[in-house]
Amino acid sequence: MNVANRLPKWRARLGALVLGTACAAALYSTQLPLAQAAPATKQQADRISAAVTDALGASGVKVLSVEKVDFIDGLFEVVVNHSGTKKVIYTNASGSHLILGDLIESKTMTNITEAKMDKLNAINFEKDLPVALALKTVYGTGARKIAVFEDPNCGYCKRFRKEALTKLQDTTVYTFVFPVLGKDSLDKAQKVMCAADKSKMWDDWMLNDQSPSGKGDCNAPVQDLVALGRSMGVNGTPTVFFQDGTRASGAIPASELNRRVALASRPK
């Protein structure tokens, strides 16, 4: 069987790695030390890039870089772009075998892959996020900042807001409504973004199950919000962006959220 005939299976596996789910599970990434890597030779990089492109190129994957993984002989780290998000896959020197999954350091259970992707997909919080489109909630002094992308019909988003976001102290939360779970999500987002008090209507729904009301017949920037999330590689909800530009996906526990917020807001 040739590679082309196996593409549907590759696509499905790559989807799990790259695209995530529209409503992300309660898994989260943390700031971790990065693995040591060294540039591959041009011959190695060209050979591996060609092999990965041959295997996954039909799924829209573009190879960005190839490096050796120093601590595992013969293993190479390949950074790819898919749907606007940078991800990491691993391969051997010939590119004949691909590993579409995470590399874990066994002694500390450090997720090396997550740490690398955290760095690859970092943003400039102040420049890249148009906060004028967001719902703004201030807890305490609001000195610290985070942004979160949520779908109105995402159960994990509701749990995350109730159990973690509302427990924050001295933090400004910018909520970007990201309706990607179907027409009902779009309808709810439209009503919220047309409300006189958008933040209250959003919290009434996400925290208390009070359905958004009103006609929703204003010129709301709902499609702009969807486009923004897509352009930033938001493939699941909730997705959180911290003040230092790093991100995390999923319903992060309150303790972990507080730790990440504090870490990201430290003066450099």
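Residues numbered from 1 in each chain as written. Predicted model: local features only at pLDDT ≥ 70, side-chain atom pairs only at ≥ 80, totals over all residues. Heavy atoms only, no water.

## Concerning the confidence of the model for the protein chain
For the protein chain, the mean per-residue pLDDT works out to 86, and 86% of the residues sit at or above 70. The lowest-confidence element of the protein chain is helix α1 (residues 3-19), averaging 43 in pLDDT; the highest-confidence one is strand β9 (residues 144-150), averaging 98. Overall, residues 1-13 carries pLDDT values under 50, and its contacts beyond four positions in sequence, including any with other chains, amount to 14 contacts. The model gives residues 15-33 a pLDDT under 50, and that stretch makes 65 contacts with residues more than four places away or in other chains. (pLDDT = per-residue confidence, 0-100. Helix = DSSP H or I, 4+ residues; strand = E, 2+ residues; numbered from the N terminus. Contact = heavy atoms within 4.5 Å.)

## Topic: the packing of aromatic side chains
Overall, the coordinates contain three aromatic pairs when judged by the stated rule. Aromatic pair F149 and F176: ring centres 5.0 Å apart, planes at 15 degrees, arrangement stacked. One end of the pair, F149, is in strand β9; the other, F176, is in strand β10 (residues 171-177), and 27 residues separate them in sequence. Relative accessible area serves as the criterion here: at 0%, F149 is assigned to the buried category. (Phe/Tyr/Trp six-rings, centres within 6.5 Å; stacked < 30°, edge-to-face > 60°. Buried < 20%, exposed > 50% of the residue type's maximum accessible area, 1.4 Å probe, protein only.)

## Regarding the pairing of strand β3 (residues 76-82)
Burial analysis of β3 places six of its seven residues in the buried class, which makes it a mostly covered element. Taken together, the six bridges between strand β2 (residues 62-69) and β3 define a ladder with antiparallel strand orientation. In the strand pairing of β3, S65 is matched with V79. Connecting β2 to the antiparallel partner β3 that follows it, the hairpin turn spans six residues, and G74 within it adopts a positive phi of roughly 85 degrees. In this structure, β3 lies alongside strand β4 (residues 85-91), joined through seven bridges in antiparallel fashion. Residue pairing in the sheet places F76 in a bridge with T91 of β4. (Pairing = 2+ DSSP bridges.)

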